[in-house]
Amino acid sequence: MTTAIAPDMSAVPLRYSASLGGIAGTSFKPEHLQAILSTKPQRGFFEVHAENYMGAGGPPHRALEAIRRDHPVSLHGVCMSIGGPQPLDKAHLARFRGLVARYQPALVSEHLAWSTHETSFFNDLLPLPYTAATLRNVCDHIDQVQDAIRRPLLLENPSTYVAFRESSMSETDFIRTVAERTGCGLLLDINNVFVSATNHGFSALDYLADFPLSRVGEIHLAGHAEQADDEGDLLLIDSHDGPVADAVWKLYEIVIQRRAPVPTLIEWDSKIPDWPVLQAEAAAAQAILDRYRPVGLTGDRHAA
């Protein structure tokens, strides 16, 4: 596999401001390509997982280039393992850097999680203890990524199913300190907050009240699945396989009212619905964004 991607924007002209403003977007799925291209560009943006485009070319890149010509793109990494104890994979970081250079995404993000151990790669975003040692490691990794891509990274809060006894600070304090030390922005996944709050028995509203909203540059909304743990208690899974829950919509509106509109993405990664279903979820988010748009601002240019 090619370990780097040459920056080539000649076939993908820029047609929008790098500042998205308060618009809603959706995950881009190849099965929706023809439906998207058959209509004229509208308000909105599309987010893609970086790891799906780390080859040098082929159908994935042709599809992304077609989308990128008329819509802003958000590049979302899932395998950088920023929270892992070992050094970042240099080849992976080089491919990530190449994608940023090639597509000039409006937003670039990764997860507060780890997914590698020595030579093993896990298909999951695993939690980490919130300690001073972990904090130093995460900040060092974010500094490396930001130096490589030459722009701020947005760091996403995790959904969690276990907690660590050795944690010496809260998740919100940990995230705030990371942002202050590295200058990174934050991606607030509100469904992750609701999932973690339900699983661990804390208040999602209290969590959001303590979250550094001023640093949020993007919001994620998604569906979750209900299961039961070994004791028969409710366990929520961040499944991205259905519509956004009513409780998450309510939390989202509270956040937008406090923070003001920021780019908001509807994530839907399995049991993919027809394009109009995903459009309707984005339209619901856009309605909330428009409700709290500062007086005097005109509408943004695009919508997925």
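Anything mentioned here points back to the structure above.
Residues numbered from 1 in each chain as written. Predicted model: local features only at pLDDT ≥ 70, side-chain atom pairs only at ≥ 80, totals over all residues. Heavy atoms only, no water.

A. Quick peek at the state of the cysteines. For the structure shown, the criterion picks out zero disulfides. Free of any disulfide, Cys-139 has its nearest cysteine sulfur in Cys-184, 7.8 Å distant. A residue is classified by how much of its surface remains accessible, and Cys-139, at 7% relative accessible area, is buried. (Disulfide = S-S within 2.5 Å. Buried < 20%, exposed > 50% of the residue type's maximum accessible area, 1.4 Å probe, protein only.)

B. Here's a closer look at the sheet that holds strand 7 (residues 154-156). If you walk around this closed barrel you meet the eight strands as 1-2-3-4-7-8-9-12, and the pairing is parallel. Each adjacent strand pair in this sheet contributes to an overall mean axis angle of 30°, direction not counted. Here strand 2 (residues 46-49) pairs with strand 3 (residues 73-76) via four bridges, running parallel. Across the sheet, the residue bridging to His-49 is His-76, located in strand 3. (Pairing = 2+ DSSP bridges. Helix = DSSP H or I, 4+ residues; strand = E, 2+ residues; numbered from the N terminus. Axes fitted to C-alpha atoms, helices over the stretch in contact; angles between N-to-C directions.)

C. Inspection of the packing of helix 4 (residues 132-149) against helix 5 (residues 171-182) at higher detail. Interaxial distance between helix 4 and helix 5 falls to 10 Å at its minimum, and their mutual angle equals 45°. It follows from the interaxial angle that helix 4 and helix 5 lie oblique. Where helix 4 crosses over helix 5, the handedness of that crossing is right-handed. Residues Thr-134, Leu-135, Val-138, Cys-139, Ile-142, Asp-143 and Gln-146 of helix 4 form the contact with helix 5, whose own contacting residues are Phe-174, Thr-177, Val-178, Arg-181 and Thr-182. For the contact of helix 4 with helix 5, the per-class residue count stands at six nonpolar, four polar and two charged. (Parallel < 35°, antiparallel > 145°, perpendicular 65-115°, else oblique. Left-handed = near helix turned anticlockwise from the far one by under 90°. Contact = heavy atoms within 4.5 Å. Nonpolar A, V, L, I, M, F, W, Y, C, P; charged D, E, K, R; others polar.)

D. Region of interest: the pairing of strand 4 (residues 107-111). Of all the five residues making up strand 4, five are buried; the element is thus mostly covered by neighbouring parts of the structure. Side chains of strand 4 alternate between two faces, with Leu-107, Ser-109 and His-111 and Val-108 and Glu-110 buried alike. Pairing analysis gives three bridges linking strand 3 to strand 4, with the strands arranged parallel. Within the sheet, the bridge partner assigned to His-76 lies in strand 4 and is Ser-109. Between the parallel pair strand 3 and strand 4, the chain is carried across by helix 3 (residues 90-103), and the sense of this crossover is right-handed. Judged from the three bridges that link them, strand 4 and strand 7 form a sheet pairing that is parallel. Its bridge partner lying in strand 7, Glu-110 is registered against Leu-155. (Right-handed = clockwise from strand over helix to strand, strands pointing away.)

E. View of the packing of aromatic side chains. All chains considered together, the criterion is met by six aromatic pairs. Ring geometry for Tyr-130 versus Phe-174: centroids 4.8 Å apart, planes at 45°, classification tilted. Placement of the pair is Tyr-130 in the loop between strand 6 (120-126) and helix 4 and Phe-174 in helix 5, with a sequence separation of 44 residues. Here the two residues Tyr-130 and Phe-174 agree in accessibility, since each one is buried. Here a set of aromatic residues connected by ring pairs shows up, and it is made of Phe-28, Phe-46 and Trp-275. (Phe/Tyr/Trp six-rings, centres within 6.5 Å; stacked < 30°, edge-to-face > 60°.)

F. Spotlight on the environment of Phe-202. Tracing the sequence through the fold places Phe-202 in the loop between helix 6 (190-200) and helix 7 (204-210). We classify Phe-202 as partly exposed; its relative accessible area is 34%. Among residues more than four places away in sequence, those in contact with Phe-202 are Ser-196, Ala-197 and Tyr-207.

G. Here's a closer look at the packing of helix 3 against helix 4. With their axes 9 Å apart at the nearest point, helix 3 and helix 4 run at an angle of 45° to one another. Relative to helix 4, the element helix 3 is oriented oblique. The two elements helix 3 and helix 4 meet at a crossing, and its hand is right-handed. Contacts between helix 3 and helix 4 pair Leu-93, Phe-96, Arg-97 and Val-100 from the former with Gln-144, Val-145, Ala-148 and Ile-149 from the latter.

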